[in-house]
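Overview (structure and organization)
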Amino acid sequence: MAYENLTIKTRKGILILSINREKALNALNIKTIEELHHFFAVSAPKRKKIKGIVITGTGAKAFVAGADIKEFLGMKKNGGASFAQRGQDVFFLIENFPKPVIAAVNGFSLGAGCELAMCCHMRIASEKARFGQPEVNLGIIPGYGGTQRLIQLIGKGKAMELILTGDMINAEEAHRLGLVNHVVESGKEIAKACEIIEKISTKGPIAVARSIECMNAYYDKLIDGFAFEAVQFGEVADTKDFQEGAKAFINRRAPKYIGE
Ligand code: COA
């Protein structure tokens with residue numbers, strides 16, 4: 001499928017996915033949400049060789065400045081609920097992707113943009129990045145998981161303050177709160193994200209995928225995370241990669257993982 005609002009490049013085995021609606025500050029309209037759904041449900045899982053994915057925004061100003069406000073006009077109860085559900089489904093696909101997905105936040109990351117960054121496994125912010133959940137300014141609430149993931153990342157008190165005031169914070173404050181992993185000079189956010197993915201790509205791929213699953217299980221109210229971890233540990237212990245990792249350690253050499 002050819003995408004209108006996404007651009008995809010590969011850099012040394014790492015896929016760089018850019019939201020590409022620069023004139024609207026990369027706001028996520030419904031078409032872009034559908035393209036992201038197709039990408040993460042259909043296209044990305046087929047690309048078996050990629051080391052991971054970096055998500056960023058096109059242009060120097062914005063990562064994503066929110067859902068597309070122009071599409072909000074006339075929205076009512078049922079349409080609103082399915083709109084939010086669809087976005088949440090896409091963001092769950094990203095959160096559960098078995099390889100690292102890192103947001104390289106190059107500018108405004110507001111509303112759905114902050115929610116998109118939060119469903120990624122990590123966030124690298126340019127010093128110019130700005131974060132916020134300004135939905136209350138428009139008389140609406142976050143709908144793509146913001147009320148849930150912001151609490152997970154920064155705790156309830158600060159999440160309450162950000163969501164109820166609609167205030168924007170800068171990259172340093174986002175770092176201090178634990179919303180972002182690193183703050184880098186503007187223009188270096190993709191390189192930093194790639195550096196982390198490169199490092200992860202030298203580890204056992206099954207161990208990486210199962211670690212992501214186990215950490216996500218912590219937030220699933222229907223799963224006992226400790227029991228889930230023990231089962232996953234057993235399955236990973238049964239892989240050739242685990243034997244290879246242990247042998248490589250004992251023989252003081254670098255492991256060669258095959259993903260089996
Ligand atoms: N949806 C649709 N269009 C958006 C948008 C959004 N979320 N955010 C920005 N745009 C558009 C603007 O309408 C404008 O388009 P125009 O030139 O056709 O009028 C263009 O992007 C540039 O935005 P502008 O507001 O002129 O830039 P700015 O530098 O003055 O302000 C922001 C930047 C990010 C502070 C401001 O655009 C903003 O507050 N955006 C909305 C953020 C928001 O509330 N997001 C949550 C939505 S639920």
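Refer to the structure above for everything that follows.
Residues numbered from 1 in each chain as written. Predicted model: local features only at pLDDT ≥ 70, side-chain atom pairs only at ≥ 80, totals over all residues. Heavy atoms only, no water.

1. Looking at the overall build of the chain
- Along its length, the chain carries 10 helices and 10 strands.
- Over its C-alpha atoms, taken along the principal directions, the chain stretches across nearly 60 × 40 × 40 Å.
- The buried share among the 260 residues of the chain stands at 45%.
- Considering only contacts within the chain whose residues lie at least 6 apart along the sequence, 68% involve residues at least 24 apart.
- Across the chain, the 35 positively charged side chains and the 28 negatively charged ones have centroids separated by 5 Å. (Helix = DSSP H or I, 4+ residues; strand = E, 2+ residues; numbered from the N terminus. Buried < 20%, exposed > 50% of the residue type's maximum accessible area, 1.4 Å probe, protein only. Contact = heavy atoms within 4.5 Å. Lys, Arg positive; Asp, Glu negative; His and termini not counted. Charge placed at Lys NZ, Arg CZ, Asp CG, Glu CD.)

2. Section: the nonpolar core
- Counting residues in hydrophobic clusters, the biggest one holds 47 residues, and the most contacted among them are Phe-40, Ile-53, Ile-55, Ile-94 and Phe-131.
- Looking at this core element by element, the count peaks at six residues for helix α3 (residues 112-119).
- Setting aside chain neighbours within four positions, we find Ile-55 in contact with Leu-17, Phe-40, Phe-63, Ile-94, Val-101, Ile-102, Ala-103, Ala-104, Leu-116 and Cys-120.
- Within the second largest apolar cluster, 16 residues are counted, among which are Ile-16, Ile-102, Ala-193 and Ile-196. (Core = buried A, V, L, I, M, F, W, Y, C linked by side-chain atoms within 4.5 Å.)

3. Quick look at the sheet that holds strand β8 (residues 130-132)
- Read across the open sheet, the four strands follow the order β4-β6-β8-β9; overall the sheet is mixed. At either end of the open sheet lies a strand with only one pairing partner, and these are β4 (62-64) and β9 (168-170). Adjacent strand axes in the sheet meet at a mean angle of 20 degrees when their direction is disregarded.
- Here β4 runs beside strand β6 (residues 108-110); their pairing, made up of two bridges, is parallel. The partner of Val-64 across the bridge, within β6, is Ser-109. (Pairing = 2+ DSSP bridges. Axes fitted to C-alpha atoms, helices over the stretch in contact; angles between N-to-C directions.)

4. Examining the side chain of Asp-241
- The residue Asp-241 is located in helix α10 (residues 240-250) in this model.
- No salt bridge is formed by the buried Asp-241. Its closest oppositely charged neighbour is Lys-240, at 8.7 Å.
- Engagement of the side chain of Asp-241 in a polar contact is seen with the backbone nitrogen of Ile-258, the distance being 2.8 Å.
- Here Asp-241 is in contact with Pro-205, Ile-206, Tyr-257, Ile-258, Gly-259 and Glu-260, once residues within four sequence places are set aside. (Salt bridge = Lys/Arg side-chain N within 4 Å of Asp/Glu carboxyl O. Polar contact = N/O pair within 3.5 Å; in protein donor to acceptor, adjacent residues only side chain to side chain.)

5. Some thoughts on the packing of aromatic side chains
- Under the criterion given, the structure shown has seven aromatic pairs.
- Where Tyr-3 meets Phe-39, the ring centres are 6.3 Å apart and the plane angle is 75 degrees; that geometry is what we call edge-to-face. Here Tyr-3, found in the segment before β1 (6-11), pairs with Phe-39, found in helix α1 (residues 30-46); they are 36 residues apart in sequence, far enough to count as distant.
- The buried category is assigned to Tyr-3, whose relative accessible area is 17%.
- For Phe-39, a relative accessible area of 0% gives the class buried.
- Relative to Phe-83, the ring of Phe-72 lies with its centre 5.7 Å away and its plane at 80 degrees, an arrangement referred to as edge-to-face. One end of the pair, Phe-72, is in the loop between β4 and α2 (77-95); the other, Phe-83, is in helix α2, with 11 residues separating them in the sequence. (Phe/Tyr/Trp six-rings, centres within 6.5 Å; stacked < 30°, edge-to-face > 60°.)

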